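Residue-level structure breakdown
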Amino acid sequence: MGLHFPVFLDIEDKKILLVGAGQVAVRRIRTLLLFGADIAVIAREVPEGQRQELEEFLETGKVRLIRKCLEKADITPEYLLVICAAGDPEADRIAKERCQELGIPVNIASDRRLSDFYFPAVVTGENLAVGIAGDGEDHGRTARAAALIRSCLAGEEETKKDKGDRT
Ligand SMILES: C[C@@]1(CC(=O)O)C2=NC(=C\c3[nH]c(c(CCC(=O)O)c3CC(=O)O)Cc3[nH]c(c(CC(=O)O)c3CCC(=O)O)/C=C3\N/C(=C\2)[C@@H](CCC(=O)O)[C@]3(C)CC(=O)O)/[C@H]1CCC(=O)O
Ligand SMILES: NC(=O)c1ccc[n+]([C@@H]2O[C@H](COP(=O)([O-])OP(=O)(O)OC[C@H]3O[C@@H](n4cnc5c(N)ncnc54)[C@H](O)[C@@H]3O)[C@@H](O)[C@H]2O)c1
């Protein structure tokens with residue numbers, strides 16, 4: 001599989017289903033909230049390490065948690081996107097098959113070959129959103145590129161502030 005075309009979707013108030021509440025799911029919820037999505041989380045359980053952050057997400061009113069094992073009927077046409085970060089082949093299979101039936105783009109965090117789209121590393125700056133994804137072979141390289149872009153944007157802000165101070 002080669003590179004994927006980046007699409008910048010308006011997800012404000014759009015419904016997104018996230019399956020799982022572990023480290024990967026919570027990292028993705030954090031990113032999606034930056035863009036105002038309405039997120040439904042289906043998870044069998046919330047691991048100890050993610051409880052506090054998930055509680056904070058619930059308090060925003062933009063995230064709701066449904067504690068259960070994923071079933072086919074949970075995936076309905078109201079969702080714009082579905083992201084499965086359960087690390088469970090059965091959940092991955094249900095999500096893939098049901099989304100295909102309904103024509104909903106699906107991302108499977110444990111198997112890129114099943115994913116219709118990749119979840120990018122995201123950097124936001126003043127009025128900018130940058131999404132980075134590689135060919136899926138080297139996730140570390142994607143993370144390093146994101147870190148570089150983050151520091152470039154931060155440097156640009158500093159330069160702007162310095163110039164502002166002088167005028
Ligand atoms: C960008 C970022 C966004 C995010 O996840 O938020 C992201 N992966 C990140 C980190 C990361 N990923 C993995 C580790 C563990 C250590 C390691 O293996 O390195 C870590 C490190 C960590 O978790 O800290 C393992 C891993 N990742 C994928 C698979 C399955 C497979 O390749 O088939 C497996 C094996 C799972 C297993 O073994 O079961 C697949 C995908 N991961 C992607 C995105 C998509 C496009 C990636 C690209 O451009 O290459 C893609 C293809 C599909 C998708 O998931 O959309 C984020 C970094 C940015 C940031 O930190 O800001
Ligand atoms: N793409 C990436 O960036 C990346 C990075 C690391 C790991 N991974 C993959 O993502 C998966 C998830 O990683 P994690 O560390 O967040 O895992 P985790 O085990 O901490 O969390 C999994 C979550 O999914 C829930 N879950 C499991 N099966 C379910 C089911 N059938 N129905 C409903 N909920 C279910 C669990 O209750 C838990 O909340 C890993 O298995 C790995 O394959 C992907």
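As a starting point, this report considers the structure included with it. Keep in mind the model is a prediction, meaning the values are calculated, not measured.

**Regarding the pairing of strand 6 (residues 121-125)**
In summary, the side chains of a regular strand alternate between the two faces of the sheet. Sheet topology note: the strand 6/strand 7 (residues 128-132) ladder contains 5 bridges and is antiparallel. Bridging across to strand 7, Val122 finds its partner in Gly131. Turn length for the strand 6-strand 7 hairpin, with the two strands adjacent in sequence and antiparallel, is 2 residues, and the turn residue Asn127 shows positive phi of about 55°.

**Some words on the nonpolar core**
Core analysis: the biggest nonpolar cluster contains 21 residues, and Leu18, Ile29, Leu32, Ile39 and Val41 have the highest contact counts within it. If you list the elements that add at least two residues to this core, you get strand 1 (15-19), helix 1 (23-33), strand 2 (38-43), helix 2 (51-59) and strand 4 (81-84). Among the elements that take part in this core, helix 1 stands out by supplying 4 residues, more than any other. When near neighbours in sequence (up to four residues on either side) are disregarded, Ile39 contacts Ile16, Leu18, Ile29, Leu32, Leu33, Lys62, Val63 and Arg64. In this structure, Val19, Cys84, Ala95 and Ile104 belong to the second largest nonpolar core, which totals 16 residues.

**Observations regarding the state of the cysteines**
Taken as a whole and assessed by the stated rule, the structure comprises 0 disulfides. No disulfide involves Cys99; its nearest neighbouring cysteine sulfur is the one of Cys84, lying 8.8 Å away. Judged by relative accessible area, Cys99 falls into the buried class, the value being 1%.

**Notes on the site of ligand 2**
Among the 22 residues in the neighbourhood of ligand 2, the closest are listed as Ala21, Val24, Glu45, Leu70 and Asp88. Val24 has a polar backbone atom sitting 3.0 Å from an oxygen atom of ligand 2. In this structure, Ala109 approaches ligand 2 through a main-chain N or O atom, which is 3.1 Å from a nitrogen atom. Protein chains shield 70% of the accessible area of ligand 2, which is 870 Å² for the free molecule. If one sorts the elements of the shell around ligand 2 by residue count, helix 1 sits on top with 4 residues. Looking at side-chain class alone, the shell around ligand 2 contains 11 nonpolar, 5 polar and 6 charged residues.

**Digging into the site of ligand 1**
Arg27, Asn107, Arg112, Phe119 and Gly134 are the nearest of the 18 residues found near ligand 1. Between ligand 1 and Arg112 there is a distance of 2.6 Å, counted from an oxygen atom to a side-chain nitrogen or oxygen. In isolation ligand 1 offers 1100 Å² of accessible surface; the protein chains occlude 65% of this area. Looking at the shell around ligand 1, the elements that each hand over two or more residues are helix 1 and helix 4 (139-166). A breakdown of the residues in the shell around ligand 1 according to their chemical character gives 7 nonpolar, 7 polar and 4 charged. Each of domain 1 (15-119) and domain 2 (122-166) contributes no fewer than three residues to the shell around ligand 1.

What counts as what
- Residues numbered from 1 in each chain as written.
- Chains lettered and ligands numbered in written order.
- Predicted model: local features only at pLDDT ≥ 70, side-chain atom pairs only at ≥ 80, totals over all residues.
- Heavy atoms only, no water.
- Pairing = 2+ DSSP bridges.
- Helix = DSSP H or I, 4+ residues; strand = E, 2+ residues; numbered from the N terminus.
- Core = buried A, V, L, I, M, F, W, Y, C linked by side-chain atoms within 4.5 Å.
- Buried < 20%, exposed > 50% of the residue type's maximum accessible area, 1.4 Å probe, protein only.
- Contact = heavy atoms within 4.5 Å.
- Disulfide = S-S within 2.5 Å.
- Near = heavy atom within 4 Å.
- Polar contact = N/O pair within 3.5 Å; in protein donor to acceptor, adjacent residues only side chain to side chain.
- Areas by Shrake-Rupley, 256 points an atom, 1.4 Å probe, with all protein chains shown as cover.
- Nonpolar A, V, L, I, M, F, W, Y, C, P; charged D, E, K, R; others polar.
- Domains from an automatic or database assignment.

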